[in-house]
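If you want the building blocks of each chain, they are given just below.
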Protein chains: 2
Amino acid sequence: MSLLSIGRVTNAERQMLMKEEKINKDETCQPGKEQLCPVKDIIARFGDKWSLHTILYLGQNQKLRFNELKSMISGISQRMLTVTLRALEEDGLVARTVYPEIPPKVEYALTPLGQSLLQQLLKLSDWAKLNRGKVLEARERYARKEGHLTEKST
Amino acid sequence: MSLLSIGRVTNAERQMLMKEEKINKDETCQPGKEQLCPVKDIIARFGDKWSLHTILYLGQNQKLRFNELKSMISGISQRMLTVTLRALEEDGLVARTVYPEIPPKVEYALTPLGQSLLQQLLKLSDWAKLNRGKVLEARERYARKEGHLTEKST
DNA sequence: CGGGATCCCAGAAGATACTG
DNA sequence: CAGTATCTTCTGGGATCCCG
């Protein structure tokens, strides 16, 4: 249970897999599987609230200390930064270097694997920038459509 | 503050605010803002529990009815499927076609924009498949390191 | 059949205090 | 400085009932 309890790996999904046992062997994501598919697994690594920011900032700076990151990622709490960094470190995306000094000094940096992921995220970013307009349009369109359908409050 | 309208209504309103507020001219993610950067915004669209599955299944089948999707995505509840589909529809990634019949018939399909996103997700999937081994290794390594540091129980 | 509206809970995230 | 521990709050999403 030591391996399982290290958390991070969405515990919610373990519940799910408890009750769902029918699994096909399709190429696509099959829910009910521990690691549904690699994508889902990887997405979970930066899909949370802070990981993406952490990765991007570490991508721009070779090294960053804990409080440097904390001040860059405005709004993050020390706890969440710790949790986020631990998760990234656990997956080998971020390297943590401790300098046994007083006061303590800890530096974080992307590993090669982390930089590799960063590249993918940047590609995704390109797509996002390219298509943000369309998405925003769609949202407005949807909002208006909703509006005239449920014109209760105005 | 919240005298009468608690619950999920406030949720919808918060999203409305997010939509109105369009900002961010920096290339990188600027935290502290509601919708940090396009990437974050896009990731939020498939980073949740069910959107990815929905997109992938819709990617494999040109059209799918509500209950077809529901049975394919094992574990999903009708509510979450509805919510997920609505969100995707709102962003213009999924098209919803209602046939005014009895009993009702509704078909869902990826829009061109949705298919475009699907391509990105598949690329991400490639990266994930390619690097999953490394990630798993890193996790084991981390688990062992943790183990000998806190070898208190078992 | 395809949802909408409610209720409710576990787990995620925030705030605060303490420590090596 | 860089955390850890603890408490509280918030929110995603599951279960259920109902409706056109």
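The following paragraphs examine the structure supplied in this document.

Basis of the calculations
- Residues numbered from 1 in each chain as written.
- Chains lettered and ligands numbered in written order.
- Predicted model: local features only at pLDDT ≥ 70, side-chain atom pairs only at ≥ 80, totals over all residues.
- Heavy atoms only, no water.
- Helix = DSSP H or I, 4+ residues; strand = E, 2+ residues; numbered from the N terminus.
- Buried < 20%, exposed > 50% of the residue type's maximum accessible area, 1.4 Å probe, protein only.
- Contact = heavy atoms within 4.5 Å.
- Areas by Shrake-Rupley, 256 points an atom, 1.4 Å probe, with all protein chains shown as cover.
- Near = heavy atom within 4 Å.
- Polar contact = N/O pair within 3.5 Å; in protein donor to acceptor, adjacent residues only side chain to side chain.
- Nonpolar A, V, L, I, M, F, W, Y, C, P; charged D, E, K, R; others polar.
- Salt bridge = Lys/Arg side-chain N within 4 Å of Asp/Glu carboxyl O.
- Pairing = 2+ DSSP bridges.
- Axes fitted to C-alpha atoms, helices over the stretch in contact; angles between N-to-C directions.
- Core = buried A, V, L, I, M, F, W, Y, C linked by side-chain atoms within 4.5 Å.

Structural notes on the overall build of chain A
(1) Moving on: Of the regular secondary structure elements, chain A holds six helices and three strands.
(2) Moving on: Counting only residues that meet the buried cut, chain A has 43% of its 154 residues in that class.
(3) Moving on: At a minimum sequence separation of 6, the contacts of chain A that also span at least 24 residues come to 43%.
(4) Moving on: As displayed, chain A offers around 8900 Å² of accessible surface, 53% of which is attributable to carbon and sulfur atoms.

Observations concerning unusual backbone geometry
(1) Moving on: The residue after Ile102(A), namely Pro103(A), is reached through a cis peptide bond having omega 0°.
(2) Moving on: For Pro103(A), the location among the structural elements is in the loop between strand S2 (94-99) and strand S3 (105-110).

Concerning the protein's contact with DNA strand C
(1) Moving on: Residues in close proximity to DNA strand C total 19 residues, the closest being Arg79(A), Asn67(B), Thr82(B), Arg96(B) and Tyr108(B).
(2) Moving on: A breakdown of the atoms of DNA strand C within 4 Å of the protein gives sugar and phosphate a share of 69%.
(3) Moving on: Residue Arg86(B) places a side-chain N or O atom 2.9 Å away from a phosphate oxygen belonging to DNA strand C.
(4) Moving on: Mapped onto the surface near DNA strand C, the elements with two or more residues apiece are helix H5 (78-90) of chain A together with helix H4 (66-72), helix H5 (78-90) and strand S3 (105-110) of chain B.
(5) Moving on: A class-by-class count of the residues in the surface near DNA strand C yields eight nonpolar, four polar and seven charged.

Examining the protein's contact with DNA strand D
(1) Moving on: Around DNA strand D lies a shell of 22 residues, among which Arg65(A), Arg96(A), Tyr108(A), Lys49(B) and Arg79(B) are the nearest.
(2) Moving on: Atoms of DNA strand D within 4 Å of the protein belong to the sugar or the phosphate in 71% of instances, the rest to bases.
(3) Moving on: Separating a phosphate oxygen of DNA strand D from a side-chain N or O atom of Trp50(B) is a distance of 3.4 Å.
(4) Moving on: Mapped by element, the contributors of at least two residues to the surface near DNA strand D are helix H4 (66-72), H5 and S3 of chain A together with H5 of chain B.
(5) Moving on: Here the surface near DNA strand D gets four residues from one element, more than from any other, and that element is H5(A).
(6) Moving on: Residues belonging to the surface near DNA strand D are distributed by class as follows: eight nonpolar, six polar and eight charged.

Notes on the pattern of salt bridges
(1) Moving on: Enumeration according to the criterion identifies 13 salt bridges over all chains in this entry.
(2) Moving on: Glu137(A) serves as the salt-bridge partner of Arg141(A), at 3.7 Å between the closest nitrogen and oxygen. Pair noted here: Arg141(A) and Glu137(A) are both in helix H6 (residues 112-149), with a separation of four residues, about one helical turn.
(3) Moving on: With relative accessibility at 47%, the residue Arg141(A) sits in the partly exposed group.
(4) Moving on: Take Glu137(A): its relative accessible area is 49%, and that puts it in the partly exposed class.
(5) Moving on: Here Glu140(B) makes a salt bridge to Arg144(B), at a shortest N to O gap of 3.8 Å.

A look at the sheet that holds strand S1 (residues 64-65) of chain B
Residue and element names in this part refer to chain B.
(1) Moving on: Read across the sheet, three strands follow the order S1-S3-S2 without closing on themselves; strand pairing throughout is antiparallel. Strands with a single pairing partner mark the edges of an open sheet, and in this sheet they are S1 and strand S2 (94-99).
(2) Moving on: Direction of pairing for S2 relative to S3: antiparallel, over a ladder of six bridges. Within S3, the position partnered with valine 98 by the bridge is valine 106.
(3) Moving on: On top of the sheet, helix H3 (residues 51-60) reaches S1, S2 and S3; it is set at about 90° to S3, its chief contact.
(4) Moving on: Lying over the sheet, H5 contacts S2 and S3, oriented at roughly 115° with respect to S2.

A few points about the nonpolar core
(1) Moving on: Counting 62 residues, the largest nonpolar core has Phe46(A), Leu69(A), Phe46(B) and Leu69(B) as the members making the most contacts within it.
(2) Moving on: Every residue in contact with Leu69(B), bar those within four places of it in the chain, is listed here: Tyr57(B), Leu58(B), Leu64(B), Leu81(B), Leu85(B) and Tyr108(B).

With respect to the sheet that holds S2(A)
Residue and element names in this part refer to chain A.
(1) Moving on: The three strands are arranged S1-S3-S2 in an open sheet whose pairing can be described as antiparallel. At either end of the open sheet lies a strand with only one pairing partner, and these are strand S1 (64-65) and S2.
(2) Moving on: Inspection of the sheet shows S1 paired to S3 by two bridges, in the antiparallel sense. Each bridged residue has a counterpart across the sheet, and for leucine 64 the counterpart in S3 is tyrosine 108.
(3) Moving on: Against the sheet, helix H3 (residues 51-60) engages S1, S2 and S3, with an angle of about 90° to S3.
(4) Moving on: Its contacts with the sheet place H5 against S2 and S3, and it is angled at close to 115° to S2.

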